[in-house]
Amino acid sequence: MLATSLQAGVQAQKNDLLQANQFLANEEAEKALDIYQQLIDEGQVDLSLYYNTAIAYYTVEKFPLALLYFEKANKLKPGDPDVLHNLRLARQKCGTEFI
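Attention here is on the structure that accompanies the text. Position labels on residues start from 1 in each chain and follow its written sequence. Only residues with pLDDT of at least 70 are given local features in this predicted model, and only at 80 or more are side-chain atom pairs given and counted; all residues enter the totals for whole chains, interfaces and linings. Side-chain measures were taken over the full set of non-hydrogen atoms in the model, leaving aside hydrogen atoms and water.

### Some words on the overall build of the protein
Phase 1 of the analysis: Secondary structure is summarised from DSSP: a helix means a run of H or I of at least four residues, a strand means a run of E of at least two, and numbering begins at the N terminus for each. Each helix and strand counted, the protein has 5 helices and 0 strands in total.
Phase 2 of the analysis: When the helices and strands of the protein are placed in sequence order, the string is α-α-α-α-α.
Phase 3 of the analysis: The buried label goes to any residue with under 20% of its type's maximum accessible area, the exposed label to any with over 50%, and the partly exposed label to all in between, with areas taken from a 1.4 Å probe on protein chains only. Across the 99 residues in the protein, those meeting the buried criterion constitute 32%.
Phase 4 of the analysis: Here the protein has roughly 6400 Å² of accessible surface; of this, 55% comes from carbon and sulfur atoms. To measure how exposed things are, a 1.4 Å probe is used in the Shrake-Rupley method; for residues, cover is taken only from the protein chains shown.

As structure tokens, then:
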């Protein structure tokens, strides 16, 4: 019974993430952020969750939060070219880009 309950919870999180990604793709970043933040608050740690959260924050021009989540994504997959590119852009927006 516990395993079934756990599996249902994992599937619900996947569904939530897919819905948030769809909101982001449809330029509804605020709706996406509500879901992403809920998943993060529940303790989910995932590269795509952090990366898409960062993209959503960048879209709504909350650059310090975008920077935070790009940094988190970079810790999960150091050297990823997409993460590094967007991390650099977020740092520039926050005035923290170093030469």
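### Here we look at the packing of helix 3 (residues 47-59) against helix 4 (residues 63-76)
A pair of packed helices is captured by two measures, namely the crossing angle of their axes and the spacing between those axes.
Phase 1 of the analysis: A fitted line through C-alpha atoms represents every axis, and for helices the fit uses only the stretch in contact; the resulting angles, taken between N-to-C directions, go from 0 to 180 degrees. Axis separation between helix 3 and helix 4 bottoms out at 8 Å; the angle between their running directions is 160°. As far as their axial angle goes, helix 4 and helix 3 are roughly antiparallel. Crossing of helix 3 over helix 4 shows left-handed handedness. In this structure, helix 3 contributes Leu47, Tyr50, Tyr51, Thr53, Ala54, Ile55, Tyr57 and Tyr58 to the contact, and helix 4 contributes Phe63, Leu65, Ala66, Tyr69, Phe70, Lys72, Ala73 and Leu76.
Phase 2 of the analysis: Each residue gets one of three labels, nonpolar for Ala, Val, Leu, Ile, Met, Phe, Trp, Tyr, Cys and Pro, charged for Asp, Glu, Lys and Arg, and polar for the others, Gly among them. By residue class, the composition of the contact of helix 3 with helix 4 is 14 nonpolar, 1 polar and 1 charged. By definition in this entry, angles of less than 35 degrees are roughly parallel, angles greater than 145 are roughly antiparallel, angles of 65 to 115 are roughly perpendicular, and the rest are oblique. For a crossing to be left-handed, the near helix must be turned anticlockwise from the far one by less than a right angle; the clockwise case is right-handed. Two residues form a contact once any of their heavy atoms are found within 4.5 Å.

### Regarding unusual backbone geometry
Phase 1 of the analysis: Backbone geometry at glutamate 27 places phi at a positive 60°, although glycine is not the residue there.
Phase 2 of the analysis: Positive phi, normally seen in glycine, also occurs at glutamate 61, with a value near 60°.
Phase 3 of the analysis: Locating glutamate 61 in the fold gives a position in the loop between helix 3 and helix 4.

### Observations concerning the environment of threonine 59
Phase 1 of the analysis: Of note, threonine 59 is situated in helix 3.
Phase 2 of the analysis: Looking at threonine 59, its side chain comes within polar contact range of the main-chain oxygen of isoleucine 55, at 2.8 Å. Counting of polar contacts relies on pairs of N or O atoms within 3.5 Å, with two restrictions inside protein: one atom must be capable of donating a hydrogen and the other of accepting it, and residues adjacent in sequence are counted only when both atoms are side-chain atoms.

### Regarding the nonpolar core
For soluble globular proteins, the rule of thumb is that nonpolar side chains tend to be buried together.
Phase 1 of the analysis: Counting 25 residues, the largest nonpolar core has Leu24, Ala32, Tyr36, Leu49, Ala56, Tyr69 and Phe70 as its most contacted members.
Phase 2 of the analysis: Mapped by element, the contributors of at least two residues to this core are helix 1 (2-25), helix 2 (29-41), helix 3, helix 4 and helix 5 (81-94).
Phase 3 of the analysis: In terms of residues, this core owes the most to one element, helix 2, which gives 7 residues.
Phase 4 of the analysis: The contacts of leucine 24, once residues within four sequence positions are left out, are Ala29, Ala32, Tyr36, Asn52, Ile55 and Ala56. Put simply, buried Ala, Val, Leu, Ile, Met, Phe, Trp, Tyr and Cys residues joined by side-chain atoms within 4.5 Å make one nonpolar core.

### A word on helix 2
Spacing of three or four residues puts side chains on the same side of an α-helix, whose turn is 3.6 residues.
Phase 1 of the analysis: Expected span of a helix: the number of residues minus one, times 1.5 Å. Here helix 2 contains 13 residues, and its C-alpha end-to-end distance of 18 Å stays within 8% of the 18 Å for a straight helix at 1.5 Å per residue.
Phase 2 of the analysis: If you check which residues of helix 2 are buried, you get Ala29, Ala32, Leu33, Ile35, Tyr36, Leu39 and Ile40.

### Focus: the side chain of asparagine 52
Phase 1 of the analysis: You can see asparagine 52 is positioned in helix 3.
Phase 2 of the analysis: When sequence neighbours within four positions are dropped, the list of residues in contact with asparagine 52 reads Asn21, Leu24 and Tyr36.

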